[in-house]
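Overview (structure and organization)
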Amino acid sequence: MSSYLHELLILLFRNRSGSAVELLRAIDVHLPEYDDVRFESSDLSNLRPAEYRADLVLFLERGPRKVLGVIVEVQLACDEDKPYAWPAYVANLRARHRCPVCLLVITIEDAVSRWAGRSIELGPGTRCNPWVVGPSNTPAVTDLQDAEENVELAVLSAIEHGQHSDVALAARIASAAIVASATIDAERSRLYLDLILISLSKTAPELLEVTMNSLGYEYQSDFARRYFGQGKTEGRVEMVLKLLLLRFGPLTEAVRSRLSSAPDAHLDAVAERILTAQTLEEALGPLS
């Protein structure tokens, strides 16, 4: 069964059809001229009984004509069945729509990226070569304006770079994604924060404290000023409240009052627990 993380990553691309195209550009894939990007059924079976279903399929269109099909596959682990299925995805979609097709594989671990990027030998002189996006070639979105213009790419950037050896850089990327996620509709905000937190809790739980510090000291946007312009303590309270709201939904006045009067050390502890807490009560913890 697909994991929650796998499904959330697919939603990142479904929520913004241009994300896959922007990633292809980022890894220097030459794209044809197009006017629109449109999703298509991900059922890539032919008329035979074998069933092939990709994670996501979209088309670049120029006028009424499809100029490129893009198959998006989120791959969180190596799977030796995929080198046999992926060429079938490409061949079936190409035959059905009679247009060029490419395969874009999204990974979050370097080892899986190396595996997925291997040329698939189909026979003498015939190969299928997936395009792969992973930690090594995902754009690092550190600028808040860039993150707000493409929240989905910012979230993916935070996930991909969570294990970066430069912790300060990883914190700036995560901060931009978290703050940008807070500027969109509530449903996507909670979804994207969930995705960031689930990912970082698996790969870099120690990153949250650094991220929270960077949120308080580095961003000067209008949004950030609303949270930090009143002063360090007030800004910290507002950001912790915002993260709790995105993670667990509406907060009671009692919770807001409790955090508003809490010392800085307690606020920092709550911020750190947001990564792994399963409930609001667990995130709040005991009063110091």
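All figures in this text were calculated on a predicted structure; none of them were measured in a lab.

**Observations concerning the pattern of salt bridges**
- Within this structure, the stated rule accounts for ten salt bridges.
- Among the salt bridges present, the one from Glu 40 reaches Arg 38, with a minimum N-O distance of 3.0 Å.
- Assessed through its relative accessible area of 30%, Arg 38 is described here as partly exposed.
- A salt bridge links Arg 38 to Glu 61; the nearest nitrogen and oxygen atoms lie 2.7 Å apart.

**A look at the sheet that holds strand S3 (residues 65-74)**
- With mixed pairing, the five strands of this open sheet are ordered in space as S1-S2-S3-S4-S7. Across the chains shown, the open sheet's two edge strands, defined by having one partner strand only, are strand S1 (36-40) and strand S7 (131-133). On average, adjacent strands in this sheet sit at an angle of 25 degrees to one another, irrespective of strand direction.
- Direction of pairing for S1 relative to strand S2 (residues 56-62): antiparallel, over a ladder of five bridges. Bridge pairing in S2 links Asp 36 to Glu 61.
- Contacting S1, S2, S3, strand S4 (101-106) and S7, helix H2 (residues 18-26) runs over the sheet at an angle of about 90 degrees to S4.

What counts and what doesn't
Residues numbered from 1 in each chain as written. Predicted model: local features only at pLDDT ≥ 70, side-chain atom pairs only at ≥ 80, totals over all residues. Heavy atoms only, no water. Salt bridge = Lys/Arg side-chain N within 4 Å of Asp/Glu carboxyl O. Buried < 20%, exposed > 50% of the residue type's maximum accessible area, 1.4 Å probe, protein only. Pairing = 2+ DSSP bridges. Helix = DSSP H or I, 4+ residues; strand = E, 2+ residues; numbered from the N terminus. Axes fitted to C-alpha atoms, helices over the stretch in contact; angles between N-to-C directions. Contact = heavy atoms within 4.5 Å.

In short, geometric facts, not functional conclusions.
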